[in-house]
Amino acid sequence: MDSLHLQPLGTLPDANGAVLVELQYAAPQKVLYVRWFGNLTSREVTLVAQEALKLQRQYPFALLLNDKINATGDWVEAMDWLEYEWLPRVTEGGLRGIAYVFSPDMHNQLASMEFFERVRQYIPIQMFHDVPAAWQWLRRQGLPPRAAALPQ
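Residues numbered from 1 in each chain as written. Predicted model: local features only at pLDDT ≥ 70, side-chain atom pairs only at ≥ 80, totals over all residues. Heavy atoms only, no water.

## Notes on the overall build of the protein
No. 1: Scanning the protein for helices and strands turns up four helices and six strands.
No. 2: The helix and strand sequence of the protein, counted from the amino end, reads β-β-β-α-β-α-β-α-β-α.
No. 3: On C-alpha atoms alone, the protein measures out to a radius of gyration of 14 Å, which is about the 15 Å that the 2.2 N^0.38 rule sets for 152 residues.
No. 4: Structurally, the protein occupies a C-alpha span of about 35 × 35 × 30 Å along its principal axes.
No. 5: Here the protein holds 152 residues, and the buried ones make up 52% of them.
No. 6: Expressed as a percentage of contacts within the protein between residues at least 6 apart in sequence, the contacts between residues at least 24 apart total 73%.
No. 7: Surface summary for the protein: the accessible area is close to 7,500 Å², and the carbon and sulfur share equals 52%.
No. 8: Side chains of the protein give 13 positive and 16 negative charges; the mean places of these two sets differ by 9 Å. (Helix = DSSP H or I, 4+ residues; strand = E, 2+ residues; numbered from the N terminus. Rg over C-alpha atoms; globule rule 2.2 N^0.38 Å. Buried < 20%, exposed > 50% of the residue type's maximum accessible area, 1.4 Å probe, protein only. Contact = heavy atoms within 4.5 Å. Areas by Shrake-Rupley, 256 points an atom, 1.4 Å probe, with all protein chains shown as cover. Lys, Arg positive; Asp, Glu negative; His and termini not counted. Charge placed at Lys NZ, Arg CZ, Asp CG, Glu CD.)

This is the structure in structure tokens:
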């Protein structure tokens, strides 16, 4: 990805010890890049979202590049928590847009579409099939103004 210099922040393991996500940060653009792996569950998605909230204090990100190309699984049970707990907190911390790269897995795509529908009413979010297109969209987003009020 041209002009995106990523600083590795580490990985998080899944319940079996395999890599669940790689976390990277591009400071000049304030982008958190989350690259997912394996079969995702609602518990694991919630765990990573909680980690993102912690990281936001140290690495203030305004844009999220959420890459699920290498992930499968149905994590729809996490939706209410993501919309009503995570999203208000992460936007309060500065998140202004999400570029979301689809998994080729149908179950993951269905959960991703539900996430997209819930989030788009609050902040800009766009779906992609590849990381370079997602990065290009993020570059055009810059740092948009605060979105409409989030659910309480």
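## Observations concerning the packing of helix H2 (residues 79-92) against helix H3 (residues 106-119)
No. 1: Two elements in contact, H2 and H3, have axes whose closest approach is 10 Å; the angle formed by their N-to-C orientations is 35°. Along this stretch, H2 crosses H3, giving a crossing that reads as right-handed. Facing Met-79, Asp-80, Leu-82, Glu-83, Tyr-84, Trp-86 and Leu-87 of H2, the residues of H3 in contact are Ala-111, Glu-114, Phe-115, Arg-118 and Val-119.
No. 2: Looking at the contact of H2 with H3 residue by residue, the classes come out as eight nonpolar, no polar and four charged. (Axes fitted to C-alpha atoms, helices over the stretch in contact; angles between N-to-C directions. Left-handed = near helix turned anticlockwise from the far one by under 90°. Nonpolar A, V, L, I, M, F, W, Y, C, P; charged D, E, K, R; others polar.)

## A few points about the pairing of strand E4 (residues 63-72)
No. 1: For E4, a buried count of seven out of 10 residues is recorded, marking the element as mostly surrounded by other parts of the structure.
No. 2: In this view, the connection linking strand E3 (residues 31-39) to its parallel neighbour E4 by way of helix H1 (residues 42-58) has right-handed handedness.
No. 3: Note: E4 against strand E5 (residues 97-101), five bridges, orientation parallel. Considered in E5, the bridge of Leu-63 is made with Gly-97.
No. 4: Regarding the hand of the β-α-β motif, the stretch spanning E4, H2 and E5 is right-handed. (Right-handed = clockwise from strand over helix to strand, strands pointing away. Pairing = 2+ DSSP bridges.)

## A word on the pattern of salt bridges
No. 1: Within the structure shown, the criterion is met by six salt bridges.
No. 2: Here Arg-118 and Asp-80 are joined by a salt bridge, their closest N and O atoms 2.8 Å apart. A residue pair is termed long-range when its members are at least 10 positions apart, and Arg-118 in helix H3 and Asp-80 in helix H2 qualify at 38 residues.
No. 3: Counted as one network, the salt bridges with shared partners bring together Asp-80, Glu-83, Glu-114 and Arg-118. (Salt bridge = Lys/Arg side-chain N within 4 Å of Asp/Glu carboxyl O.)

## Considerations on the nonpolar core
No. 1: Core analysis: the biggest nonpolar cluster contains 38 residues, and Trp-36, Trp-75, Trp-86, Ile-98 and Phe-115 have the highest contact counts within it.
No. 2: Broken down by secondary-structure element, the contributors of at least two residues to this core are strand E2 (19-26), E3, H1, E4, H2, E5, H3 and strand E6 (125-128).
No. 3: Among all residues touching Trp-36, those that are not within four sequence positions of it are Leu-20, Val-21, Glu-44, Val-45, Val-48, Asn-66, Asp-67, Lys-68, Asn-70 and Ala-71.
No. 4: Membership of the second largest hydrophobic core comes to 15 residues, among which are Tyr-33, Val-101, Phe-128 and Trp-135. (Core = buried A, V, L, I, M, F, W, Y, C linked by side-chain atoms within 4.5 Å.)

## Let's talk about the sheet that holds E6
No. 1: Taking strand neighbours across the sheet as the criterion, the six strands line up as E1-E2-E3-E4-E5-E6 in an open arrangement whose pairing is mixed. This sheet does not close on itself; its edge strands, each paired only once, are strand E1 (7-13) and E6. Strand after strand, the sheet turns through a mean of 15° between neighbouring axes, direction not considered.
No. 2: In the packing of H1 onto the sheet, contacts are made with E1, E2 and E3, and the angle to E3 comes to roughly 160°.
No. 3: Most of the contacts of H3 go to E6, to which it runs at about 160°, and overall it touches E4, E5 and E6.

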